[in-house]
Structures are given as structure tokens and as C-alpha cells.
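# Report on the structure
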Amino acid sequence: MSDENAATNREAVNPRNGDGGADAVVLTGAEIVCECLLHEGVDIVFGYPGGAILPTYDALTKYPQLHHVLTRHEQGASHMADGYARATGKVGVAMATSGPGATNLVTGIATAMMDSSPIVCITGQVPTGAIGSDAFQETDVTGITLPITKHNYLVTSIDELPEVMREAFHIARTGRPGPVLVDIPKDVQIQEAEFVYPTEPIQLAGYSPPKTARARQVAAALELIRDSKRPIILAGHGISMAGANRELAQLAEKAQIPIALTLLGKGAISEHHPLCLGMMGMHGGAEVNHAIQQADLLIALGMRFDDRVTGNLATYARDSRKIHVDIDPSEINKNVTVDVGIVGDLGEVLRQLLDRVERRPNEAWFDRIAEWRADSELREIVRPAEAPQHPAVPEGKLLGAQVIRDLFEFTAGGAITVTDVGQHQMWEAQYYQHERPHSLITSGGLGTMGFGLPAAIGAKMSRPDQEVWAIVGDGGFQMTMMELATAVQERVNVHIAIINNGFLGMVRQWQEFFYEERYNQTPMVNPDFCKLAEAYGIPTVRVTERGQIEEAVNASRAQTAGPTLIDFVVEKEEIVFPMVPAGADLDDMIRRPTPAEFEQQRRGRAVAAKAPEPQTPESTPPESKPSESEEPAAAAALGSRFGV
Ligand SMILES: Cc1ncc(C[n+]2csc(CCOP(=O)(O)OP(=O)(O)O)c2C)c(N)n1
Ligand SMILES: [Mg+2]
């Protein structure tokens, strides 16, 4: 991530003499925090006050350029800062008091860490003299967040404060971005000192994010590309974070290499691009996973071989050579051993490769992928109205997958979508095709339920020009739905789509597949979400049939002030297909049957109902066999429960 957003809106405010110059002035620690925020280009702070941070809240009154958003829970503040950051690449800022305020930020910090999102969290701390005494609302937040921050600081002297603040933003936004926490004891906020904003270049021992690749590594990568017959690019979050989208497309086009996307890689290249295959991994396209397994060269760009995209590492892309480019050296050879590891900025490295890349396209490789895709299309349930429908689609039921597909159509694919975690998240990934970077915001690494609504509020506040949809499950929404009040208070025009299946749907799916349909603790008694939102004064509509979606979406889009909410009441027992069971081989997927297989199974079930007999192995479609996984796979259940 570049430094370009830094220090842009510095309208210097010196509350004591108002001249804003670089000359030293005497300020409190709290005022220094505000000055530094302005220097860093911050315009919005998401937070929640309390005793140990009160001096800074008081100082904020003198800085009207810093708009403070009062969340209803500190978790909301860290997710909003994260959503704000992901939508623009600017650093998001969250603020909280000590103790419970600080610990409430933790889930949001860990979420940002796992997805390399640049946020700075500022927490109040008990006075320095009281640290370690179990003082009221004391907690060791730098200790707690050590493993989930890129870096953190406890500021024990006001003299350190300006430099620490500057470093915090620098570390958050440079190299592989991530969260930084600055913990400031109350007395440090109150003390006074001369303040001059440091201007000398930041030099941190042991921290200098690499830029270009070594010529030898570039040559080695080019050789592997030239010799490959079945190459595939694996594009991750790093592409959009580095702003290397154009270079990615150019590389793929010049060398005629297909591209598979990780979940956070969506938006790296338009999903309508002919070389873009779509999403890989646990709920990725079967044709994409087959292509990865059959490839002779993986070119992994800004992705980290997460277990959700590799499946069983022992059998992962066994016959391929591997190139891995990442800004973070610790990612190279972490999960997957590679032939060529390149550490550098993706934009720079891709430009280095682009200059000299050559390859003869192999039509046979594209033909194979097309065959796999044709097979996937047979199994597809969300089809245009005029096409014959898959027999597995239940009559008169609204499917979550259909909702997402229609939302994609009726927003012309142009919205920023922010999801929560669960089945709806995977349907979003499968059915909302993204064209632009930063247009899908989702918790990929930590998989944080409750992320969706607050992150969408943050995203809309950083991109007020964009249409923003929060696509949330009925479970996750209830984890942070108190932030409806924040959206109302700030008049944030975020459109909320609840995919309401009355279940913790994704967990229910695992119980169906791997725990013999024991649906323990996954059905939910929900509130009336429309009435709930109406209590906040939010316009709502409930949708129970596919035919109602267009009108509801249009009505929602027509509202341009404040939030709106649609309660999509969908089929309870829908499954996200395909699925690679955890730990299984990547191409050993549970598939939805083709129409022909489905009819065959239906006939088989009818016969079995007359004269019950154990299922023959042949009645299970070949690719539908459950694989050996760490889950106690209930093989018998799998054969009979393939419909949606
Ligand atoms: C904070 C948190 N707790 C638990 C989980 C485990 N989990 C993953 S998906 C899921 C169910 C989500 O249900 P819902 O929000 O209704 O979405 P659906 O799957 O039904 O679309 C759960 C409990 C999680 N990801 N995050
Ligand atoms: Mg649900």
C-alpha cells in the first residue's frame, strides 16, 4: 500500500495560537494525538468514550475536522475502521477507553490482522503510576494484542507521542498493511509538552518493506512460465492492496494464463474478463479447483495458501512448479514450498515480469477448463428465467443464492458489497461478480460473524459516492445489530440485506454433511427484523418470493438518506455447493448432482422407499463421494441429501 493518502488534509490546527505553523507550541498529549491524526490525513474516528480516554475526547472538541462516529460497541468501531480502510486503502482509526473498551476492540483487530487491513487503534490506559496495580479498568491491552497487531505501543512519556503516532500510521499502511495499536495512559494525555511534528524520514530498524525483485528471481520465474503448458495464476488480496490490477490483467493477457481468485482476491480482475475463472477453494468453482490440481505451474500473487484454498496440502497441485510473489517474506514457503519465491511489491514485480514474459498459449489447456466449466454449468441452480430449471430447485421457495444473483443484476454489479460470515457470504462470492478492486469487503481470514453491518457503515463513510450493501446472515447480524443506531445517527445510507434462513446456516450445513443431521444449537428463534429496524426509524421490506426481489431492491436503492433493510426470508435447508470438506483434497468436492444424476437418485429413492435396501455405491455420483477428512463424514447421509 502506498503512502499517498498520508498527510493530505492537514489543515493545521493549533488550539493555542491558531497559526498552524511548524514552530513548537505547547500542547497536551491529547491535543498532540489530534494534531497527529490530522497530519496523517484522518477525517473520521470511530469510537466510544470512557474514563481513561476522556482527555482525548475532550480535546476532540477543538478539532472539528476530525469527525467522531459514536458506535454502540467498540467491536463496531474496529470493524468500521476496517471497512473504511478496505474501501479506500486509507488507514481507518478506532478509539476506545481502557479495560473493557480496549478488549471489545480485540475481535476487530484480529479480523484486520488476518486480512492485512490498515487500522490504527488508540486506547486510553490507566495512569502510568497505576499500571500493574489492577487499577479500575486496567487491562494489559498491548499484551493481549501482541499476536494480533502488526505492531503495538504503550506510550509512557509525552515526548514519545508524536513519533509513535507517526510510526503507527507508517507501519499500518506500508509493506503488508495491518493493525497497529497505541495505548496511551491518561496522565500522558493530560501532560503538556512542546509539539513539533517530526518531519525527518521514518527509519525503523529491521523494517524496510521490499520493492523490486532480484533479477535472478525474475529470470527464474520467466523460465518456469515459458516452459509451462498448464499454468494458472492464483490472485489474492495483495493484488488490489498493491494497486497492481492493471499489471495482473496485462500479464495474464500477454502470456495467456487463466486466473483463479481467492475470496479476498475478488475484484483483482473483472470477473467478466475471459481469462478470469472465478473463485477457488472450499466453495470455489469445481472447474477452478480441477484446474489448480491439474496445473503444471502455479503463479501465486499476493495470496497466502490458506487452508480454505489448498485443502489437503499433501495432495495440493502435486504436479506443478510454483512461483510465489508476496510483500511479506514470512509468507514464502510457509504453507506450500515453492520453486521460486519473490519478495516485493506486486506492482513492481509484475512490471518486471511483464517486460520479458513470453509463452505459447496451449489451447488444449483452455479446452480442458472449458469442459470442466460445462459440467459445472449443468449443476447450476441459479439460471436465467428462460432456461430450463434444475430439478433440485424447490417450487415456490426463495433461495439465498437467487437473492444474491438478483441483487447482482438489479445493482448492475456496481455496488460495494460487505458481507458477514456464513452461507450468504459464500453465495455472495459465487453469484455477485465483481469488476473493480475494493468492491467486496468480507472477513476472509478470521471469518468474523458480526463484521458485516459495521464494516459496511465504515465503507459507506469512506466512499459516500458508492452504493453499499451489507449482506448479512440472520445469525451474524444479531451479533452487531446495535450498530443500526450508529447508521441512523450518522445518516449512513447503507442497504442491509438479511439472508434470513432461521439457522446458523453454514454450521447447519456441516451438521448435515458430517454430523448425521444432528442440528444441535443451529436453529434460531429470530426477532421480526423489520419491526426491529422500524424501531430505529429505518424503512424496511420483507421478501418471501423471487418475484418480489426487484421491487424491494429498487425501493431500497431509491432511499438515499440513512439505512434501509430488506428481510429476505429464504429456504432454511439450502446448501452451498460445491464443497471441499475440511482437510480433503482440493478436487474431491461434494457436488450438486447434474439434473440426470438428480433424477436417477430420485428414482433410486422411490424404489428404496418401496423396498428399503442399502444404497449401492453406483447410486452415488462419482464426484459426490465424501472424502476422508478431519470431520466424521457421515457417508450414508451424503448420498441421499443432495438436493437444495
Ligand atoms: C464470531 C463467530 N462465531 C462463530 C462462528 C462460526 N460460524 C461460522 S458460519 C456460522 C453461521 C452463520 O449463520 P448466519 O449468520 O445465520 O449465516 P448463514 O450461514 O445462515 O448464511 C457460524 C456460527 C464465526 N464464524 N464467528
Ligand atoms: Mg442464517
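Every value quoted in this text rests on a predicted model; they were computed, and no experiment measured them. (Residues numbered from 1 in each chain as written. Chains lettered and ligands numbered in written order. Predicted model: local features only at pLDDT ≥ 70, side-chain atom pairs only at ≥ 80, totals over all residues.)

## Section: the overall build of the chain
Within the chain one finds 25 helices and 20 strands. In terms of overall dimensions, the chain is globule-like: its C-alpha atoms have a radius of gyration of 26 Å, near the 26 Å expected for 644 residues. Its C-alpha atoms put the chain at 85 × 65 × 45 Å along the principal axes. By residue count, 51% of the 644 residues in the chain fall in the buried class. Residue pairs at least 24 apart in sequence account for 78% of intrachain contacts in the chain once pairs closer than 6 positions are excluded. (Helix = DSSP H or I, 4+ residues; strand = E, 2+ residues; numbered from the N terminus. Rg over C-alpha atoms; globule rule 2.2 N^0.38 Å. Buried ≥ 20, exposed ≤ 12 C-beta atoms within 10 Å, placed from the backbone. Contact = placed C-beta atoms within 7 Å.)

## Focus: the pairing of strand β3 (residues 67-70)
Pairing of strand β2 (residues 44-47) with β3 involves 4 bridges; the strand directions are parallel. By the bridge assignment for β3, Gly-47 is matched with Leu-70. With helix α2 (residues 54-60) bridging β2 and the parallel β3, this β-α-β connection has right-handed handedness. (Pairing = 2+ DSSP bridges. Right-handed = clockwise from strand over helix to strand, strands pointing away.)

## Some thoughts on the nonpolar core
Grouped together as the largest cluster of nonpolar side chains are 174 residues, with contacts concentrated most on Val-93, Val-120, Leu-234, Ala-235, Ala-260 and Leu-301. In terms of residue count, helix α1 (residues 29-39) provides more of this core than any other element does, 7 residues in total. In this view, Ala-235 contacts Leu-248, Ile-259, Leu-261, Gly-265, Ala-268, Ile-269, Leu-301 and Met-303; residues no more than four positions away in its chain are not counted. (Core = buried A, V, L, I, M, F, W, Y, C linked by C-beta atoms within 7 Å.)

## What to know about the domain arrangement of the chain
The domain boundaries assigned to the chain delineate domain 1 (3-195), domain 2 (215-374) and domain 3 (386-569). Computed from C-alpha atoms alone, the centre-to-centre distance between domain 1 and domain 2 is 38 Å. Contacts between domain 1 and domain 2 engage 5 residues on the former and 5 residues on the latter. When the residues that make up the side of domain 1 that touches domain 2 are grouped by side-chain class, the tally is 1 nonpolar, 2 polar and 2 charged. (Domains from an automatic or database assignment. Nonpolar A, V, L, I, M, F, W, Y, C, P; charged D, E, K, R; others polar.)

## Some thoughts on the packing of α1 against helix α7 (residues 161-173)
Angle between the axes and distance between the axes: these two values describe a pair of packed helices. Relative orientation of the contacting elements α1 and α7 amounts to 30 degrees, with a least axis distance of 10 Å. Comparing their axes, α7 and α1 come out roughly parallel. Once α1 is placed against α7, the crossing between them reads as right-handed. Seen from α1, the contacting residues are Gly-29, Ile-32, Val-33 and Cys-36; seen from α7, they are Leu-161, Pro-162, Met-165 and Arg-166. Residues of the contact of α1 with α7, tallied by class, amount to 6 nonpolar, 1 polar and 1 charged. (Axes fitted to C-alpha atoms, helices over the stretch in contact; angles between N-to-C directions. Parallel < 35°, antiparallel > 145°, perpendicular 65-115°, else oblique. Left-handed = near helix turned anticlockwise from the far one by under 90°.)

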